[in-house]
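Take a look at the letters that make up each chain.
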Amino acid sequence: MTGSLLEVIALDVRDAVAAEEGGADRLEIVVDMASDGLTPAVETVAAISKECALPQMVMLRGDASFLATPESLEGLRRDAKALSEAGAAGFVFGFLDSAGAVDLAATEALIHAVTPLPWTFHRAVDHAADVQASWRAVRLLPNLATVLTSGAPGGVTEGLRVIKTRCEAGDGPLIMVGGGLRPGHVPLLMEYGVRAFHVGSAVRASWSDPVDARLVRDWRALID
């Protein structure tokens, strides 16, 4: 892998193959981007494993909220087992409670279920009632590989100052920036110390269109 990590959202095998062709380092596998990404089918992960060598970080999220119930957690535990057997290299998840704080008990239960695989805390961290407190809680969780964040609920443009502050505090290696990420943000983010970038809509014409390998290649060149 090159110095910077490029992760591309893939919905199916065609996306995965195009992302690999364009020079991505890693995939985030999801379904239903209208809900900001939910758990994909085991069959999708298995099919991608056959056609594509890139590591798959697979979303564990049952519905469009960030809330976890004992029943939904049990379902996600079962999903994690089946998905890891199908070829998942790691997982993407994270929960908030009804007050908007990080739900540590639910998140730790799922960390335990996916161990020893790495995991990413997703953008729930940006939607917490207290974004600073949520960051402090998340960064100390075990086996955490990356935190997918835009620094603010409204996206990267709004969150640049927060990302800069986190990098200055030494958290740059944990940060993967995504959520409204645009090419113009990259030079600033790299100056701050960010080395992991996550793109979805930026590498396709629309969510109903497949990943475009040429656009992935442009991002690859940009972050290298």
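Since the structure is predicted, the reported quantities are computational estimates derived from the model, not experimental observations.

A.B. asks: Give me the pairing of strand β4 (residues 90-93): which residues, what numbers.
C.D. replies: Across the two faces of β4 the burial is the same, with Gly90 and Val92 and Phe91 and Phe93 all buried. Pairing of strand β3 (residues 56-59) with β4, which is carried by three bridges, proceeds in the parallel orientation. Considered in β4, the bridge of Met59 is made with Val92. Running through helix α3 (residues 70-86), the crossover from β3 to the neighbouring parallel element β4 is right-handed. Where β4 meets strand β5 (residues 119-121), three bridges bridge the pair, whose relative direction is parallel.

A.B. asks: Tell me about the packing of aromatic side chains, residues and numbers included.
C.D. replies: Per the stated rule, a full pass over the model turns up two aromatic pairs. Ring centres of Phe93 and Trp119 lie 4.6 Å apart, and the angle between their planes is 10°; on these two criteria the pair is classed as stacked. Of the two residues, Phe93 sits in strand β4 while Trp119 sits in strand β5, which places them 26 residues apart along the sequence. Pairwise contacts between aromatic rings join Phe93, Trp119 and Phe121 into one cluster.

A.B. asks: Tell me what's going on with the pairing of β3, and back it up with residues and numbers.
C.D. replies: Residues Gln56 and Val58 of β3 are buried on one face, and the alternating residues Met57 and Met59, pointing to the opposite face, are buried as well. Note: strand β2 (residues 26-29) against β3, three bridges, orientation parallel. The partner of Glu28 across the bridge, within β3, is Met57. Taken together, β2, helix α2 (residues 42-51) and β3 form a β-α-β motif whose crossover is right-handed.

Conventions used here
- Residues numbered from 1 in each chain as written.
- Predicted model: local features only at pLDDT ≥ 70, side-chain atom pairs only at ≥ 80, totals over all residues.
- Heavy atoms only, no water.
- Buried < 20%, exposed > 50% of the residue type's maximum accessible area, 1.4 Å probe, protein only.
- Helix = DSSP H or I, 4+ residues; strand = E, 2+ residues; numbered from the N terminus.
- Pairing = 2+ DSSP bridges.
- Right-handed = clockwise from strand over helix to strand, strands pointing away.
- Phe/Tyr/Trp six-rings, centres within 6.5 Å; stacked < 30°, edge-to-face > 60°.

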